[in-house]
Amino acid sequence: MPIGPGPDMDPGPHYNISSNSFEAGGSSTPSYISPWSIIGEESNIVVSTDRSSCFSRNIVALRMEVLCDRVGPSICPEGGVGVYNPGYWGMNIEQGKAYKLIFYVRSLQSLNLSVSLTSSNGSVSLSTSDILLTGSAVGNWTRMMLLLTSAGTDPRARLSLVTSQKGVIWLDQVSLTPVDTFKVFILHKR
């Protein structure tokens, strides 16, 4: 379930603006992955959940089996295949602001993953970072942290994780927060 304010509240820079885990459907698998959605056709990607997370209390992880590749008989579409999260009624991404993305990833082969903040329909990239790692670097669950600085503003932006490389990628505990966070202190008069 995404984390954020109610519809009539200002999300402000102190909120986590994307979903943390894949526990929306409970601990049974396969599980419901909402608010995450799939990028690509079923002939190119199979997305499911399994009980393989490195977290004992949140054991459900997202599993992406990519069936297409950059070369060969089944070429991935331009832009790749993967998943996206639209946030809690959209992610209010602002031009020039930095956002910290933390997530856990595992793959049995080398990893070529593109992480982007995009417009609500995915057609305009606001910020992109590519992750290229060998299989030995991500053979076990690995914590990743990236800073994404937006080149544009979109109040309904989304977070996308895509690849054009055949293989299996597991994701868990995906969190996007503005770098410009602040603590809210409430003063009580006695």
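See above for the structure.
I will try to describe carefully the structure that is included in this document. Computed from a predicted structure; not experimentally measured.

### A closer look at the nonpolar core
- L101, F103, L113, V115, L159, L161 and L171 are the most contacted members of the largest nonpolar core, which totals 37 residues.
- Here L171 is in contact with F22, A61, L62, M64, V83, F103, Y104, V105, L113, W141 and L161, once residues within four sequence places are set aside.
- Listed in part, the five residues of the second largest apolar core include A61, W141, V168 and W170.

### So, the pairing of strand β11 (residues 167-178)
- Burial of β11 is extensive: 12 of the 12 residues sit out of reach of the surface.
- When strand β3 (residues 61-66) meets β11, the two strands line up antiparallel, connected through five bridges. Across the sheet, V66 pairs through a bridge with G167, a residue of β11.
- Bridge count for strand β6 (residues 98-107) against β11 is eight bridges, and the pairing is antiparallel.

### Observations concerning the sheet that holds β3
- Taken together, five strands build an open sheet; the order of strands is β2-β3-β11-β6-β9 and the sheet is antiparallel. Every other strand in the sheet has two partners, leaving β2 (45-50) and β9 (142-149) as the edge strands with one partner each. When strand polarity is set aside, the average angle formed by the axes of neighbouring strands in this sheet is 30°.
- Relative to β3, β2 runs antiparallel, the two sharing six bridges. Bridge assignment links D50 to a residue of β3, and that residue is A61.

Thresholds applied
Residues numbered from 1 in each chain as written. Predicted model: local features only at pLDDT ≥ 70, side-chain atom pairs only at ≥ 80, totals over all residues. Heavy atoms only, no water. Core = buried A, V, L, I, M, F, W, Y, C linked by side-chain atoms within 4.5 Å. Buried < 20%, exposed > 50% of the residue type's maximum accessible area, 1.4 Å probe, protein only. Contact = heavy atoms within 4.5 Å. Helix = DSSP H or I, 4+ residues; strand = E, 2+ residues; numbered from the N terminus. Pairing = 2+ DSSP bridges. Axes fitted to C-alpha atoms, helices over the stretch in contact; angles between N-to-C directions.

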